[in-house]
Amino acid sequence: MRIVIEFYRTRDSDDAHAVVGRESAEAADAEEAIAVARRLALTLDMPQRPDAMSVTDISGKLLYRGDLGIRLDNEGALSP
């Protein structure tokens, strides 16, 4: 299935979010779509480090929204 992934930063005070990256990709199912999004979070060149993402299918049906499920340091590297 074709998916659209949006990476964004959230603001705690009012839950506002700003999109810092958007990509489309292919995935076999929702689980693979989330895995693809997490991999892209590590490799895409974005203006800021995202702290959350949403994954939708091509028709706009939400498959996932929330935390990236990975921890990155300020330089974008995985942290323990």
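Just above sits the structure.
A few points on the structure. Since this is a predicted model, take the numbers as computed values, not measurements. Sequence order sets the numbering: in each chain, residues are counted from 1 along the sequence as written. Predicted model: local features are reported for residues with pLDDT of at least 70 only, side-chain atom pairs are reported and counted for 80 or more only, and whole-chain, interface and lining totals are derived from all residues. Heavy atoms from the whole structure form the basis of all side-chain values; hydrogens and water molecules are not counted.

So, about the pairing of strand β4 (residues 62-67). By definition, two strands form a pair when at least two bridges between them are found by DSSP. What counts as a helix is a DSSP run of H or I of at least four residues, what counts as a strand is a run of E of at least two, and both are numbered from the N terminus. The pairing of strand β3 (residues 52-57) with β4 spans 5 bridges and is classified as antiparallel. Its bridge partner being in β4, Ser54 is matched across the sheet by Arg65. Here β3 hands over to β4 after 4 residues, with Gly60 in that stretch at a positive phi of 100 degrees.

Further remarks concern the environment of Ala35. Its place among the elements puts Ala35 in helix α1 (residues 30-43). Overall, Ala35 belongs to the partly exposed group, its relative accessible area being 29%. C-alpha separation for the pair Ala35 and Leu68, spaced 33 residues apart in sequence, amounts to 9.7 Å. Partly exposed describes any residue whose relative accessible area lies between the buried limit of under 20% and the exposed limit of over 50%, with all areas from a 1.4 Å probe on protein chains only and scaled to the type maximum.

Salt-bridge detection follows one rule: a side-chain nitrogen of Lys or Arg within 4 Å of a carboxyl oxygen of Asp or Glu. The full count for this structure, using the stated rule, is 3 salt bridges. Residue Glu6 is joined to Arg22 by a salt bridge in which the shortest nitrogen-to-oxygen separation is 2.4 Å. Residue Glu6 is located in strand β1 (residues 2-10), and its partner Arg22 is located in strand β2 (residues 17-26); the two are separated by 16 residues in the primary sequence. Accessibility expressed as a relative area gives 21% for Glu6, which makes it partly exposed. With a closest N to O distance of 2.8 Å, Arg11 and Asp14 form a salt bridge.

Aromatic pairing here means that ring centres of Phe, Tyr or Trp (its six-membered ring) are within 6.5 Å. Orientation follows from the plane angle: under 30 degrees is stacked, over 60 is edge-to-face, and everything else is tilted. Counted according to the given criterion, the structure contains 0 aromatic pairs. As a reminder, the over-ring test applies to NZ of lysine and CZ of arginine, requiring each to be within 6 Å of the ring centre and within 35 degrees of the ring normal. Sitting above the plane of the Tyr64 ring, Arg38 keeps its charged end 5.9 Å from the centroid.

Structurally, Asp57 can be placed in strand β3. Only four residue types enter the charge count, namely Lys and Arg as positive and Asp and Glu as negative; His and the chain termini do not. No salt bridge is formed by the buried Asp57; its nearest oppositely charged neighbour, Lys61, is found at 5.5 Å. In the analysis that follows, any N or O atom pair within 3.5 Å is treated as a polar contact, provided that within protein one partner can donate a hydrogen and the other can accept it, and provided that, for residues neighboring in sequence, both atoms belong to side chains. At 2.9 Å, the side chain of Asp57 forms a polar contact with the backbone nitrogen of Lys61. Whether two residues are in contact is decided by their heavy atoms, any of which lying within 4.5 Å being enough. With sequence-adjacent residues up to four places away left out, Asp57 is seen in contact with Met1, Arg2, Ile3 and Leu63.

Note: β1 against β2, 9 bridges, orientation antiparallel. Each residue of the ladder has a partner; that of Arg2, found in β2, is Glu26. In sequence, β1 turns back onto β2 through a hairpin of 6 residues, with Asp15 there showing a positive phi of about 60 degrees. Two strands pair when backbone bridges link them, and β1 and β3 are joined in this way by 6 bridges, in the antiparallel orientation. Along β3, the bridge assignment pairs Ile3 with Asp57.

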